[in-house]
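Single-letter residue listing:
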Amino acid sequence: NNAVLADIEARQKFSKGRSNIGALYLHRKMYAEAEAALKQAIRFSDRNMEAYAYLSLLRREQGKPEESVRVFEEYMRRDPWNTSAQGFLRSLRQE
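Heads up: these notes are all about the structure in this document. Note that this is a predicted model, so its numbers are computed, not measured.

1. A look at helix 4 (residues 65–78)
And then number 1: Under the 1.5 Å per step criterion, the end-to-end length of helix 4 is 21 Å for 14 residues, consistent within 8% with the ideal 20 Å.
And then number 2: Residues of helix 4 that are buried include every one of Ser68, Val69, Val71, Phe72, Tyr75 and Met76, and no others. All buried residues of helix 4 project into a common sector of 160° when viewed along the axis, lining one side. Looking at helix 4, the residues exposed on the side facing more than 90 degrees away from the buried face are Glu66 and Arg77.
And then number 3: Where helix 4 is buried, its residues touch helix 3 (49–61) and helix 5 (83–94).

Next comes the structure, spelled out in structure tokens:
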């Protein structure tokens, strides 16, 4: 059904936009705004690796390295064969 596909595509695009906004907030150290945008991005598409990565980096900047790893492990449960995601998770675990 074209309407269903269009809806999925719209959700993915909105998710991407929200994760980009979240990244901007993170860069500006506006942590509450970053968290809200990134969680919204994940609600719209739980396969948005960037949203999980930025949320993970946010947790690390907040001094929560264990939570940082847990956030990204949640993404890995959704996409376990993503090799770039595997590399990112390894780097989080090494910090």
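2. Structural notes on the pattern of salt bridges
And then number 1: For the coordinates displayed, the defined rule picks out ten salt bridges.
And then number 2: Linking Lys39 and Glu35 is a salt bridge whose minimum nitrogen-to-oxygen distance equals 2.8 Å. Taken together, the positions of Lys39 and Glu35, both in helix 2 (residues 31–44) and four residues apart, correspond to about one turn of that helix.
And then number 3: Given the relative accessible area of 36%, Lys39 is considered partly exposed.
And then number 4: Note on Glu35: relative accessible area 21%, which makes it partly exposed.
And then number 5: Several salt bridges converge on common partners, so that one network encompasses Glu35, Lys39, Arg59 and Glu67.

3. Focus: the side chain of Arg18
And then number 1: On the secondary structure map, Arg18 appears in helix 1 (residues 2–27).
And then number 2: For Arg18, which is buried and forms no salt bridge, the nearest opposite charge comes from Glu33, at a distance of 10 Å.
And then number 3: Residues contacting Arg18, with those up to four places away along its chain left out, are Ala37, Gln40 and Ala41.

4. Re the environment of Leu57
And then number 1: Following the sequence through the fold, Leu57 ends up in helix 3.
And then number 2: Each C-alpha atom, one on Leu57 and one on Phe44, is 20 Å from the other, the two residues being 13 residues apart in sequence.

5. Some thoughts on unusual backbone geometry
Glycine aside, residues mostly have negative phi, and peptide bonds are mostly found in the trans state.
And then number 1: In this structure, Lys29 takes a positive phi of about 60° despite not being glycine.
And then number 2: With respect to the helices, strands and loops of the structure, Lys29 is situated in the loop between helix 1 and helix 2.

6. Regarding the packing of aromatic side chains
The geometry of an aromatic ring pair is captured by the separation of the ring centres together with the interplanar angle, meaning the angle of the planes.
And then number 1: This structure, assessed with the given rule, holds four aromatic pairs.
And then number 2: With a centroid separation of 4.7 Å and an interplanar angle of 65°, the aromatic rings of Phe72 and Phe88 are classed as edge-to-face. Taken together, the positions of Phe72 in helix 4 and Phe88 in helix 5 put the pair 16 residues apart, joining distant regions of the chain.
And then number 3: Through pairs of rings, three or more aromatic residues link up here, namely Tyr52, Phe72, Tyr75 and Phe88.

7. Some points on helix 5
The α-helix advances 3.6 residues per turn, and as a result positions three or four apart in sequence lie on the same side.
And then number 1: Its twelve residues place the ends of helix 5 17 Å apart at the C-alpha level, agreeing with the 16 Å of an ideal helix rising 1.5 Å per residue.
And then number 2: Within helix 5 the residues assigned to the buried category are Ala85, Leu89 and Leu92. When helix 5 is viewed along its axis, its buried side chains cluster within an angular range of 55° and face the same direction. Projecting away from the buried face of helix 5 at angles above 90 degrees are the exposed residues Thr83 and Gln94.
And then number 3: At its buried positions, helix 5 is contacted by helix 3 and helix 4.

Reading the values: rules and limits
- Residues numbered from 1 in each chain as written.
- Predicted model: local features only at pLDDT ≥ 70, side-chain atom pairs only at ≥ 80, totals over all residues.
- Heavy atoms only, no water.
- Helix = DSSP H or I, 4+ residues; strand = E, 2+ residues; numbered from the N terminus.
- Expected span 1.5 Å × (residues − 1).
- Buried < 20%, exposed > 50% of the residue type's maximum accessible area, 1.4 Å probe, protein only.
- Arc of directions from axis to C-beta.
- Contact = heavy atoms within 4.5 Å.
- Salt bridge = Lys/Arg side-chain N within 4 Å of Asp/Glu carboxyl O.
- Lys, Arg positive; Asp, Glu negative; His and termini not counted.
- Phe/Tyr/Trp six-rings, centres within 6.5 Å; stacked < 30°, edge-to-face > 60°.

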